[in-house]
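# A look at the structure
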Amino acid sequence: ASRALAELARDCQLATPPLLAALADADWEVRVYAALALLHNGNERSAAESCLRSALNKGDADVWLIATRGLERFPDSCANLVPELIERLGIRNDSQSYATDALSHLAASAVVPQLVATLASQDGLGTRPVFREGAHQLLEKYGPDARDAITAAIDLSKEQRLERPL
């Protein structure tokens with residue numbers, strides 16, 4: 001079945017619906033070949049998003065790795081997944097490392113502002129140590145400019161918490 005799906009990728013318009021459906025298949029090989037075929041059918045931007053969404057829902061490492069290869073070529077393709085990926089930074093399991101990897105392939109301009117806003121929040125996800133750890137790992141991948149922006153947001157957040165009455 002997996003080889004048949006790869007063959008379908010030659011005709012983009014006919015291949016896309018069954019390939020998207022195959023991302024939900026129980027057989028990991030079918031999911032992997034479907035992801036590969038989607039990324040090679042000419043519409044990699046939307047294919048990368050579909051693969052990432054499937055991997056997020058299934059926790060599928062193989063599909064995740066394939067999808068991030070698509071992100072390397074089109075870093076602006078999954079900007080609408082940024083909030084969901086940022087949320088995954090707060091989960092201590094494979095999901096956190098997958099999210100860090102995917103976010104590091106997306107354009108910094110799409111990620112950093114949302115990450116700063118989440119870190120600066122006075123409650124919820126931004127206050128969780130596991131999230132802050134994941135954010136730090138991501139910032140290491142983005143470099144000094146992003147790290148400086150986040151550090152400023154963290155300092156501001158700490159100041160706001162200290163000023164808030166108990």
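Data block above holds the structure.
This report concerns the structure included in the present document. Residue numbering note: each chain is counted from 1, following its sequence as written. The model is predicted, so local features are restricted to residues of pLDDT at least 70 and side-chain atom pairs to those at 80 or more, both for listing and for counting; the totals for chains, interfaces and linings are taken over all residues. Computation of side-chain values: all heavy atoms of the structure, hydrogens and water removed.

## Points about the overall build of the chain
Basically, it comes down to this: Runs of H or I in DSSP of at least four residues are treated as helices and runs of E of at least two as strands, each being numbered from the N terminus. Summary of the burial criterion: residues with accessible area below 20% of their type's maximum are buried, those above 50% are exposed, and those between are partly exposed, where the area comes from a 1.4 Å probe applied to protein chains only. Contact criterion: two residues are considered in contact whenever any of their non-hydrogen atoms come within 4.5 Å of each other. Only the protein chains shown count as cover for residues, and all accessible areas are computed by the Shrake-Rupley method using a 1.4 Å probe.
Along its length, the chain carries 10 helices and zero strands. For the chain, the N- to C-terminal ordering of α and β elements is α-α-α-α-α-α-α-α-α-α. Relative to its 166 residues, the chain shows a buried fraction of 43%. Residue pairs in contact within the chain that sit at least 24 positions apart in sequence constitute 67% of those at least 6 positions apart. Carbon and sulfur atoms make up 54% of the accessible area of the chain, which totals about 8,700 Å².

## What to know about the environment of Leu19
Its location among the elements puts Leu19 in helix H2 (residues 12–22). Expressed as a C-alpha distance, the spacing of Leu19 and Ala47, which sit 28 residues apart in the sequence, is 9.6 Å.

## Observations concerning the packing of helix H5 (residues 61–73) against helix H7 (residues 94–105)
Basically, it comes down to this: Convention adopted: a line fitted to C-alpha atoms gives each axis, helices being fitted over their contacting stretch, and angles between N-to-C directions are expressed from 0 to 180 degrees. Convention used here: angles under 35 degrees read as roughly parallel, angles over 145 as roughly antiparallel, angles from 65 to 115 as roughly perpendicular, and any remaining angle as oblique. It is the rotation of the near helix from the far one that decides the hand of a crossing: anticlockwise by less than a right angle makes it left-handed, clockwise makes it right-handed. Nonpolar residues are Ala, Val, Leu, Ile, Met, Phe, Trp, Tyr, Cys and Pro. Charged residues are Asp, Glu, Lys and Arg, and all others, Gly as well, are polar.
Two elements in contact, H5 and H7, have axes whose closest approach is 9 Å; the angle formed by their N-to-C orientations is 15°. When the axes of H5 and H7 are compared, the pair comes out roughly parallel. Two packed elements cross with a definite hand, and for H5 against H7 that hand is left-handed. Along the contact surface, H5 presents Ala61, Trp64, Thr68, Arg69, Leu71 and Glu72, while H7 presents Tyr98, Ala99, Asp101, Ala102 and His105. Residue composition of the contact of H5 with H7, by class: six nonpolar, two polar and three charged.

## Quick word on the pattern of salt bridges
To be explicit about the condition: Only one rule defines a salt bridge in this text: a Lys or Arg side-chain nitrogen within 4 Å of an Asp or Glu carboxyl oxygen.
Within the structure shown, the criterion is met by one salt bridge. The salt bridge partner of Arg88 is Glu84, with a shortest N-O separation of 4.0 Å. Here the residue Arg88 and the residue Glu84 both occupy positions in helix H6 (residues 82–88), the gap between them amounting to four residues, near one helical turn.

## Considerations on the nonpolar core
For the record, the criterion: Throughout this description, the term nonpolar core refers to a set of buried Ala, Val, Leu, Ile, Met, Phe, Trp, Tyr and Cys residues connected via side-chain atoms within 4.5 Å.
Counting residues in each nonpolar core, the largest one holds 42 residues, and the members touching the most others are Leu52, Trp64, Leu85, Leu103, Leu106 and Leu115. If you list the elements that add at least two residues to this core, you get H2, helix H3 (28–39), helix H4 (44–58), H5, H6, H7, helix H8 (108–120) and helix H9 (129–142). For this core, the leading source of residues is H3, giving seven residues. If we skip the residues at most four places from it in the chain, Leu85 touches Leu56, Trp64, Ala99, Ala102, Leu103 and Leu106.

## What about the packing of H8 against H9?
For the pair H8 and H9, interaxial distance at closest approach is 12 Å and the crossing angle is 150°. Comparing their axes, H9 and H8 come out roughly antiparallel. Handedness of the H8/H9 crossing: left-handed. Contact residues: H8 offers Ala108, Val111, Val112, Leu115, Thr118 and Leu119, while H9 offers Phe131, Arg132, Ala135, Leu138, Leu139 and Tyr142. Here the residues of the contact of H8 with H9 are counted per class, giving 10 nonpolar, one polar and one charged.

## Section: H3
To keep it simple, the criterion reads: How far a helix is expected to stretch is found by multiplying one less than its residue total by 1.5 Å.
If you check H3, its first and last C-alpha atoms are 17 Å apart, about what 12 residues at 1.5 Å a residue would give, namely 16 Å. Within the sequence span of H3, burial applies to Val30, Arg31, Val32, Ala34, Ala35, Ala37, Leu38 and Leu39.

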